[in-house]
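Fold and geometry: a report
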Amino acid sequence: MMRDYYKKMPGDRKDGWKLRNVPLFFTVVPFIMRTRLDSQNYYEETLDVEPMMDFLKAHKEDMPNISMMTIFVAAMVRMIGQRPALNRFVVHNKLYAHNSITISIAIKRTMSDDGEETMIKPSFDPRDTLVDVQRRLEEAIDEAMNHEEGTGIDAVAGILGKLPAWLFRFAVSMIHFLDNRGWLPQKLVQASPWHCSAMYTNVGSLGIGPIYHHLTELGTYSTFIAMGKRERHTVYDENGGATVRRTVGMKIVNDERICDGYYYANSMRLLRRMLMNPAMLLEPPKKVMLDPAVANPLINDPNAGVDAADEEHTGAEAALVD
């Protein structure tokens, strides 16, 4: 597991390692832009999903449960695993790196106006393939759907929702206080959908285009990705020829305090490349990329036995050619 990669040191949190080897700029910025609401950047992309649809059609026999959502989530997991700065977060003006990859996803138990909504938060390994991601998603969704008491957040919300308003406000204030200091009980961290690497929502299943979903100050996620409905657009090639293609809109909100624009742009190019070529996700990555800003002693190297001279993952451009 990722949390076993490094030795825990003073200042680390239950859910992350404190970054001790970052440029001065990233040490100062969290004191200037003190909240995620101060630090939100917005990015959108319209994806040609014809290759994705062809992939799903080609694998409908051997992978019948794979969907566009599976591919999106698998691409997010791979992007975070290969671009580890995207797994960072800021709490109380300090920068940390998550010691796991978790993605929170909103689901509805029934597709109706009155249908109850809940959150799942499956945990992934940076080596996970598309099939691994599908299995973990199915396990999390089945657990949420088949338990009357719901997920962990449902249980916590059920308790807090019964409190009078003044006591509810006090309880939430205490949660913020404990979380800022890394003292939040592990069970609350596990139950909270806001303590994760990223959030994902498929509003396309509701028949609408993608939305910019705000970040929240509570929690540890730094990225929110929304996928919209499938549409048809006319696309022109370099010779002016027109073709109607199926497309999906994607909108992303991220916390700009975790990495610079160059790193983020290359990460988005990698995400787009994988979504346009889902076959890339059928095999595990050859190397797990570690965040160089984590200065803790490495006690379990995930790349032990991997050829250090492998050039596939050296340099951003090598992995990001469109």
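Anything mentioned here points back to the structure above.
Let me begin by describing the structure that accompanies this report. Just so you know, these numbers come straight off a predicted model, no measurement behind them. (Residues numbered from 1 in each chain as written. Predicted model: local features only at pLDDT ≥ 70, side-chain atom pairs only at ≥ 80, totals over all residues. Heavy atoms only, no water.)

**Concerning helix α2 (residues 50-58)**
For α2, the set of buried residues is E50, M52, M53, F55 and L56. Packing partners of the buried residues in α2 comprise β2 (40-48), α3 (68-82), α4 (130-146), β9 (223-236), β10 (242-255) and α8 (261-276). (Buried < 20%, exposed > 50% of the residue type's maximum accessible area, 1.4 Å probe, protein only. Helix = DSSP H or I, 4+ residues; strand = E, 2+ residues; numbered from the N terminus. Contact = heavy atoms within 4.5 Å.)

**Details of the sheet that holds strand β3 (residues 88-91)**
Spatially, β1-β4-β3 is the arrangement adopted by the three strands of the open sheet, whose pairing is antiparallel. One side of each edge strand has no neighbouring strand; the edge strands of this open sheet are β1 (16-18) and β3. With strand direction ignored, the average angle separating the axes of adjacent strands in the sheet is 40°. Relative to strand β4 (residues 94-98), β1 runs antiparallel, the two sharing three bridges. Across the sheet, the residue bridging to G16 is H98, located in β4. (Pairing = 2+ DSSP bridges. Axes fitted to C-alpha atoms, helices over the stretch in contact; angles between N-to-C directions.)

**Observations regarding the packing of aromatic side chains**
Inspection of the entire model under this criterion finds eight aromatic pairs. Between Y43 and Y264, the aromatic rings sit 6.3 Å apart at their centres with planes inclined by 85°, giving edge-to-face as the arrangement. Highlighted residues: Y43 in strand β2 and Y264 in helix α8, separated in sequence by 221 residues. Residue class for Y43 comes out partly exposed when judged on its relative accessible area of 24%. In this structure Y264 comes out as buried when scored by relative accessible area, which is 12%. Ring plane angle 20° and centroid distance 5.4 Å describe the contact between F89 and Y96, whose orientation is recorded as stacked. Over the aromatic face of Y96 sits the side chain of R13, whose NZ or CZ is 5.6 Å from the ring centroid. Positioned over the ring face of Y263 is R83, at 4.0 Å from the centre of the ring. (Phe/Tyr/Trp six-rings, centres within 6.5 Å; stacked < 30°, edge-to-face > 60°. Lys NZ or Arg CZ within 6 Å of the ring centre and 35° of its normal.)

Any functional reading would require information beyond the geometric quantities listed.
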